[in-house]
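Residues per chain, in single letters:
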Amino acid sequence: MRWLLFGALIGLLIVYPSLVTLVAAVVVALLSKPVPVAFALGLIAGVRLRRSRRWTA
């Protein structure tokens with residue numbers, strides 16, 4: 001699914017080159033806010049974190 005969305009975005013950017021500025025503006029606007037970026041990175045790290053199933057001291 002991720003690759004389909006990525007391919008669709010690349011296809012749109014090839015067909016409509018003026019969308020590059022819009023996509024760049026959206027990415028910059030999202031990355032300029034540190035709290036949502038940190039939250040998203042924390043979610044990604046939490047999903048990928050391997051936890052032991054039993055209690056260890």
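Residues numbered from 1 in each chain as written. Predicted model: local features only at pLDDT ≥ 70, side-chain atom pairs only at ≥ 80, totals over all residues. Heavy atoms only, no water.

## Concerning the overall build of the chain
Across its full length, the chain holds 3 helices and 0 strands. For the chain, the sequential pattern of α-helices and β-strands runs α-α-α. Every one of the 57 residues in the chain was classed for burial, and the buried ones make up 2%. For the chain, the exposed surface amounts to about 5,700 Å²; the carbon and sulfur share of it is 74%. (Helix = DSSP H or I, 4+ residues; strand = E, 2+ residues; numbered from the N terminus. Buried < 20%, exposed > 50% of the residue type's maximum accessible area, 1.4 Å probe, protein only. Areas by Shrake-Rupley, 256 points an atom, 1.4 Å probe, with all protein chains shown as cover.)

## A few points about the packing of aromatic side chains
Taken as a whole and assessed by the stated rule, the structure comprises 1 aromatic pair. Judged by centre distance (6.1 Å) and plane angle (85 degrees), the ring pair of Trp3 and Phe6 falls under edge-to-face. One end of the pair is Trp3 and the other is Phe6, both in helix α1 (residues 2-15) and 3 residues apart, which spans about a single turn. For Phe6, a relative accessible area of 45% gives the class partly exposed. (Phe/Tyr/Trp six-rings, centres within 6.5 Å; stacked < 30°, edge-to-face > 60°.)

## Section: a nonpolar patch on the surface
Where nonpolar side chains cluster on the molecular surface, the patch consists of Trp3, Phe6, Ile10 and Ile14 and spans about 490 Å² of accessible area. Looking at Trp3, the relative accessible area reads 63%, which means it is exposed. (Patch = residues over 30% accessible without salt bridge, like charges linked within 9 Å, V, L, I, M, F, W, Y side chains within 5 Å. Salt bridge = Lys/Arg side-chain N within 4 Å of Asp/Glu carboxyl O.)

## Points about the packing of α1 against helix α2 (residues 19-31)
Orientation of α1 relative to α2, taken along the N-to-C sense of each, is 135 degrees, at an axis distance of 8 Å. Taken together, the axes of α1 and α2 are oblique relative to one another. Facing α1, whose interface residues are Leu9, Leu12 and Leu13, α2 presents Leu19, Val20 and Val23. By residue class, the composition of the contact of α1 with α2 is 6 nonpolar, no polar and no charged. (Axes fitted to C-alpha atoms, helices over the stretch in contact; angles between N-to-C directions. Parallel < 35°, antiparallel > 145°, perpendicular 65-115°, else oblique. Contact = heavy atoms within 4.5 Å. Nonpolar A, V, L, I, M, F, W, Y, C, P; charged D, E, K, R; others polar.)

## Here we look at the confidence of the model for the chain
Here the chain averages 85 in pLDDT, while 88% of its residues score no lower than 70. At the low end of the mean pLDDT range in the chain sits helix α3 (residues 34-48), at 86; at the high end sits α1, at 90. (pLDDT = per-residue confidence, 0-100.)

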